[in-house]
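Each chain, written out:
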Amino acid sequence: MLRLSVLVFLNMTVGGWAFSLRQPVLQSRAALSRHTLLRMSSASTEATASSSSEEKSKVTPLSIKYSMEDIVSLCKRRGIIFPSSEIYNGYAGFYDYGPLGAELKKNVKDQWWKTFVTQREDVVGLDSSIIHNPLTWKSSGHVDGFSDPMVDCKETKLRFRADQLYFSPLTVSGEQLGYVCVQEGNDEQMVKDAKKMVKAILKELGKGSSSDLVEAFQFTELTEATPEQMSQIPSPASGKPTLTEPRDFNLMFQTQVGALSDASSVAYLRPETAQGIFLNFKNVLTTSRQKIPFGIAQIGKAFRNEITPRNFIFRGREFEQMEIEYFIPPGDDVWPEFHQQWMDNCKEFLIDIGLRQDLMGWDVHQGDKLAHYAQACTDITFKFPFGEQELMGIAARGNYDLTQHMEGSGKSLEYFDEQTKEKYIPHCIEPSLGVDRLILALICSAYAEDEVGGEKRSVLRFDPKIAPIKIAVLPLVKNKEALVGVARELFDKLSRRWNCQWDAAGAIGRRYRRADEVGVPLCVTVDFETIEDNKGVTVRDRDTTEQVRIPLDDVVAYLSDKIDGN
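Being a predicted model, the structure only gives us computed values, none of them experimental.

Colleague: Any chance you could break down the overall build of the protein for me, citing the residues and the numbers?
Modeller: Counting its secondary structure elements, the protein contains 15 helices and 31 strands. In the protein, which comprises 566 residues, the share counted as buried stands at 53%. Contacts in the protein between residues at least 24 apart in sequence constitute 68% of all its contacts with a sequence separation of at least 6. In the form shown here, the protein has an accessible surface area of approximately 26500 Å², with 48% of it arising from carbon and sulfur atoms.

What follows is the structure, encoded as structure tokens:
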């Protein structure tokens, strides 16, 4: 795999990843049936004494630059994601979801289940065990072939995935002086790391003044290096040619089941959720009374002993998957249509829950990238701050898995088609999506900065369907018993339906900002006009900062329309 850097060594701009955050501004409806919406004055000023006291002009989006460090910091600061076992200095490849993260994750999984299981007649659910009979993984090929290429740095003892290292010739004025080697990342970061290594190499060769003559890098995956090249390619850790030859490393976590610890007790934590679906194919088929084509969906934990877990929750050792095995009749003329349908359905779902379409792409597997048993596989990719990477895959897997388990178990997994009177082993389409990768992509899509009335604002523009907190209820003041009582009664009523936040501390403008930063779509303010003039409450939209008055009796219906779309 050849990656060409179009940046000449001397003339390049290295920095964070730039995002254009000029998203369409959501407009509130001018009217809803049974609702009288009284727009708040745009000329009002911020004060603690009036709920119509925040924004003075329209929202102006800002184009910002941010890195993974910014995302990681935000997630920890706002209780979205924490390093696991942090009081013991963490544990590489493992993360804990905090209060907001747990809600966000649950909402995303619920939307996926609702879209692909609840609202479809041809897909049913399953929750299989994390540990299967060890013969499962022998039949599926995981015991013998579920591995990644690994290299060691003999000097620093660090390990790397060989397919995540890239090398390039170091050429100065047409003369090759050696190689550079860097870890995979976005183009700017890879060039930056290569530049740092080049300076060290040229200094050691006594050619420090030649740095302005270095030719553009041509990065190639380390797995494609010849033995002769491997003897000259420097380790990213030591800067010297101290890398071992690539070798396979099995990614499955091994454990023991039972009181004895011997070969007969060896078992594995599942590295994917799919095999539990194949094992239960006949059980589900019989009990659900489904007919092909139909699908089995599952959400669950999986575990892979990654050589180098990196990029936050993008590649961890414990993760969660949302997978469907959609079983179809055999035939080369059958699977392409189903494959395309699932590609379209998956893209539509991702956009519907708030993924930015301008950051999405497609990667069609061909040649060596396509598994030997697969008829096709297409990834939906996403442009993360560290580069464009796979977000999910939609594969046409043929009948490989059911055939393997038939041979391994000796049990028939054939299907009898009552219409055609045929018996066959079904083929399947597999849409597979990592929950944690999706959470990271949604945070990157939602992260924004803008200006409201000349004041800079940080905001997470989560779609209301997945927002961890749907509504913030704000009593204008906290020392008026009647006002606080109405606000508390409304909060209790809304909390029976949505996850809501109660915030009574500080100026109303500051409370709006706190809600914006954690992605609360709507703020409901109870003020003096609510209790004295019976003018309802103020509902403020996060994205537009527009405020409208809604009668108390109509608040639930109005919020339901905004959050649930009904």
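Structure's up, so let's keep going.
Colleague: Explain the pattern of salt bridges to me, using residue names and the numbers behind them.
Modeller: Scanning the entire structure with this criterion turns up 37 salt bridges. The shortest N-O distance in the salt bridge between E320 and K109 comes to 3.0 Å. Taken together, the residues E320 in strand 18 (residues 318-328) and K109 in helix 2 (residues 99-118) connect sequence positions 211 residues apart. Residue K535 is joined to E529 by a salt bridge in which the shortest nitrogen-to-oxygen separation is 3.8 Å. Taking the relative accessible area as the measure of exposure, K535 reaches 41% and is therefore partly exposed. Residue class for E529 comes out partly exposed when judged on its relative accessible area of 30%. Taken together, the shared-partner salt bridges connect D450, E455, R457, R461, R513, D516, R540, R542 and D543 into one network.

Colleague: Outline the packing of aromatic side chains, listing residues and values.
Modeller: Inspection of every chain in the model, using the stated rule, returns 22 aromatic pairs. Judged by centre distance (5.2 Å) and plane angle (65°), the ring pair of F314 and F386 falls under edge-to-face. Of this pair, F314 sits in the loop between strand 17 (294-303) and strand 18 while F386 sits in the loop between strand 20 (376-384) and strand 21 (387-398); the two residues are 72 residues apart in sequence, bridging distant segments of the chain. You'll find F314 and F386 in the same group, each marked buried. An aromatic cluster of three or more residues is present, and its members are W112, W113, F116, Y326, F338, W342 and F349. Geometry around W502 places R488 over its ring, the cationic atom sitting 3.9 Å from the centre.

Colleague: Describe the sheet that holds strand 17, listing the residues and the values that go with them.
Modeller: If you walk across this open sheet you meet the 7 strands as 8-17-18-24-21-20-19, and the pairing is mixed. At either margin of the open sheet sits one strand with a lone partner, and together these are strand 8 (123-126) and strand 19 (360-364). Direction aside, neighbouring strands of the sheet carry axes that sit 25° apart on average. Bridging between strand 19 and strand 20 involves 5 bridges; their strand directions are antiparallel. Residue pairing in the sheet places V364 in a bridge with T378 of strand 20. Contacting strand 18, strand 20, strand 21 and strand 24 (427-434), helix 11 (residues 435-446) crosses the sheet at an angle of about 40° to strand 20.

Colleague: So what's going on with the nonpolar core? Residues and values would help.
Modeller: Membership of the largest hydrophobic core comes to 92 residues, with the highest contact counts inside it found for L350, L438, L440 and L559. Sorting elements by how many residues they give to this core places helix 11 first, with 9 residues. Among the nonpolar cores identified, the runner-up in size contains 19 residues, and V124, V284, F294 and F327 belong to it.

Colleague: Talk me through the side chain of R457; I want residue IDs and the actual numbers.
Modeller: Structurally, the position occupied by R457 is in strand 26 (residues 455-460). Since its relative accessible area comes to 1%, R457 is described here as buried. Polar contacts involving the side chain of R457 include one to the side chain of D516, which spans 3.0 Å. Within the local environment of R457, its side chain forms a polar contact with the backbone oxygen of R542, the two atoms lying 2.8 Å apart. Ignoring anything within four residues of it in the chain, the contact list for R457 reads V59, A448, E449, D450, V452, R513, D516, R540, R542, D543 and T545.

Colleague: Just give me the short version of empty space enclosed by the protein, but keep the residues and values in it.
Modeller: One pass over the full model with this rule turns up 4 cavities of 30 Å³ or more. Looking at the largest cavity, its volume works out to about 50 Å³. Every residue lining the largest cavity is listed: Q164, E184, G185, R310, N311, F314, R315, F386 and Q389. Here the lining of the largest cavity is composed, by residue class, of 2 nonpolar, 4 polar and 3 charged.

Colleague: Lay out a nonpolar patch on the surface in plain terms, naming residues and giving numbers.
Modeller: Taken together, the side chains of I130, I131 and V257 present a nonpolar region at the surface, about 210 Å² in accessible area. Residue position: I131 is located in the loop between strand 8 and helix 3 (135-140). For I131, a relative accessible area of 36% corresponds to the partly exposed category.

Colleague: Account for the sheet that holds strand 10 (residues 159-161), with residues named and values stated.
Modeller: In spatial order, the strands read 10-9-14; together these 3 strands make up an open sheet with antiparallel pairing. For this open sheet the edge positions go to strand 10 and strand 14 (247-250), each flanked by a neighbour on one side alone. Each neighbouring strand pair of the sheet contributes to a mean axis angle of 50°, computed without reference to strand direction. Pairing geometry for strand 9 (residues 147-152) and strand 14, over 4 bridges, is antiparallel. When the bridges of strand 14 are listed, D148 appears paired with F249.

Definitions and cut-offs
- All residue numbers refer to positions counted from 1 along the written sequence of the respective chain.
- Residues qualify for local features only when their pLDDT is at least 70, as the model is predicted, and side-chain atom pairs are given and counted only at 80 or more; totals for whole chains, interfaces and linings, by contrast, use all residues.
- Excluded from the side-chain calculation are hydrogens and water; included are all heavy atoms of the structure.
- Only DSSP runs of H or I with at least four residues qualify as helices, and only runs of E with at least two residues qualify as strands; both kinds are numbered from the N terminus onward.
- Burial status follows relative accessibility: with a 1.4 Å probe on protein chains alone, a residue under 20% of its type maximum counts as buried, one over 50% as exposed, and anything between as partly exposed.
- Contacts are assigned to residue pairs that have any heavy atoms within 4.5 Å of one another.
- Accessible areas in this description were obtained via Shrake-Rupley with a 1.4 Å probe; residue shielding takes into account the shown protein chains only.
- By definition, a salt bridge exists where a carboxyl oxygen of Asp or Glu is found within 4 Å of a side-chain nitrogen of Lys or Arg.
- Each Phe, Tyr or Trp ring (for Trp, its six-membered ring) is paired with any other whose centre lies within 6.5 Å, and the angle between the two planes then decides the class: stacked below 30 degrees, edge-to-face above 60, tilted in between.
- In this scheme, the term charge over a ring applies when either NZ of a lysine or CZ of an arginine sits within 6 Å of the ring centre and within 35 degrees of the ring normal.
- Strands are labelled as partners when DSSP assigns at least two bridges between them.
- Only C-alpha atoms enter the line fits that serve as axes; for helices the fit covers just the stretch in contact. Angles between N-to-C directions range over 0 to 180 degrees.
- Here the nonpolar core consists of buried residues drawn from Ala, Val, Leu, Ile, Met, Phe, Trp, Tyr and Cys, with membership extended through side-chain atoms lying within 4.5 Å.
- In protein, a polar contact requires one atom able to donate a hydrogen and another able to accept it; more generally it is a pair of N or O atoms within 3.5 Å, and residues adjacent in sequence count only if both atoms are side-chain atoms.
- Of the grid points, spaced at 1 Å and generated over the protein atoms alone, those admitting a 1.4 Å probe that cannot get out make up cavities, while open sets with protein on both sides within 12 Å along at least five of seven lines make up pockets; any residue with an atom within 4 Å of a point is treated as lining.
- Grid points are joined across faces, edges and corners, and a volume is the space filled by probe spheres set on the points.
- Three classes are used, and their members are as follows: Ala, Val, Leu, Ile, Met, Phe, Trp, Tyr, Cys and Pro are nonpolar, Asp, Glu, Lys and Arg are charged, and the others, Gly among them, are polar.
- Without a salt bridge and with relative accessible area above 30%, a residue can belong to a patch; like charges are then joined within 9 Å and nonpolar side chains (Val, Leu, Ile, Met, Phe, Trp, Tyr) within 5 Å.

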